Amino acid sequence: MSIKENIKQLQHNIPDTVTLVAVSKTKPITAIQEAYDGGQRIFGENKIQEMSEKWEQLPKDIQWHMIGHVQTNKVKFMIPYVSLIHSADRLKLFKEINKQAALVDRTVDVLLQVKIAQEDTKYGMPTPEAIAFLEGNQLDNYPNVNVIGLMGMASFTDDMTQVAAEFKVLESLFVRFRESKNLYTLSMGMSGDYQLAIENGSTMVRVGSAIFGARNYQ
Ligand SMILES: *Cc1c(COP(=O)(O)O)cnc(C)c1O
């Protein structure tokens, strides 16, 4: 199937209330343009330099989401145009996003990335820290950072019971703070598990290979 057909199929498979982020990391401009021509406007990248290069070359009504680990020294390069950072996972990064956003007089939407996977390799704020961070008034320290929700990645495993359990942990955290912190986005689910994520409350899925085909690396 073509990229356009894959997008149509996905749009058909997910409810209207769930936002589709097309993860275009490592994929060329032509592939993104094809998805754009199919109506897709939200794209996810995991490297700031690659995202910036693509942003420069592609239509300006695209919303660019940063979904990968962010190094603090690179934050400033994406602040002028990034529409949502999914991977805000540590105080140092909140501080830097706040600083760079204030410099250009904007507020940047972010998701607090929480570590829900059992594996050691995944990024994200550990759940107890995330709870402490959300419970107090700490978010007030970052007036130019707008936390609109949570993001998580499940373990890389075929055990769908475990994946579902990890999604449930994140959903319960989301529900717990939804009203007090005005959270409305729960970003979880990728090509292999987006349906399960939606069943467990996801409002935003990040789908790469099911749209663009397999990646050679990353
Ligand atoms: C690469 C990536 C995805 C997309 O993965 P697929 O399995 O290709 O859908 C989603 N989320 C994050 C954080 C990623 O790095």
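Residues numbered from 1 in each chain as written. Predicted model: local features only at pLDDT ≥ 70, side-chain atom pairs only at ≥ 80, totals over all residues. Heavy atoms only, no water.

(A) Structural context of helix α1 (residues 3–13). If you check which residues of α1 are buried, you get Ile-3, Asn-6, Ile-7 and Leu-10. When α1 is viewed along its axis, its buried side chains cluster within an angular range of 100° and face the same direction. Opposite the buried face of α1, at more than 90 degrees from it, the exposed residues are Lys-8 and His-12. Summarising the contacts, the buried residues of α1 are in contact with β1 (19–23), α2 (29–37), α8 (194–199), β9 (204–207) and α9 (209–212). (Buried < 20%, exposed > 50% of the residue type's maximum accessible area, 1.4 Å probe, protein only. Helix = DSSP H or I, 4+ residues; strand = E, 2+ residues; numbered from the N terminus. Arc of directions from axis to C-beta. Contact = heavy atoms within 4.5 Å.)

(B) Structural detail: the environment of Tyr-123. In this fold, Tyr-123 is placed in the loop between β5 (108–115) and β6 (125–126). Taking the relative accessible area as the measure of exposure, Tyr-123 reaches 46% and is therefore partly exposed. Each C-alpha atom, one on Tyr-123 and one on Gln-195, is 23 Å from the other, the two residues being 72 residues apart in sequence. Residues contacting Tyr-123, with those up to four places away along its chain left out, are His-69, Asp-89, Gln-113 and Lys-115.

(C) Geometry of the environment of Ile-79. You can see Ile-79 is positioned in the loop between α4 (75–78) and β4 (84–88). Overall, the relative accessible area of 1% leaves Ile-79 in the buried class.

(D) View of the UniProt feature "modified residue: N6-(pyridoxal phosphate)lysine" (unreviewed entry) in the protein chain. Cross-referencing UniProt, the feature "modified residue: N6-(pyridoxal phosphate)lysine" (unreviewed entry) maps to Lys-25 in the present numbering. Of note, Lys-25 is situated in the loop between β1 and α2. (UniProt positions renumbered as here; feature names shortened; annotations may be inferred.)

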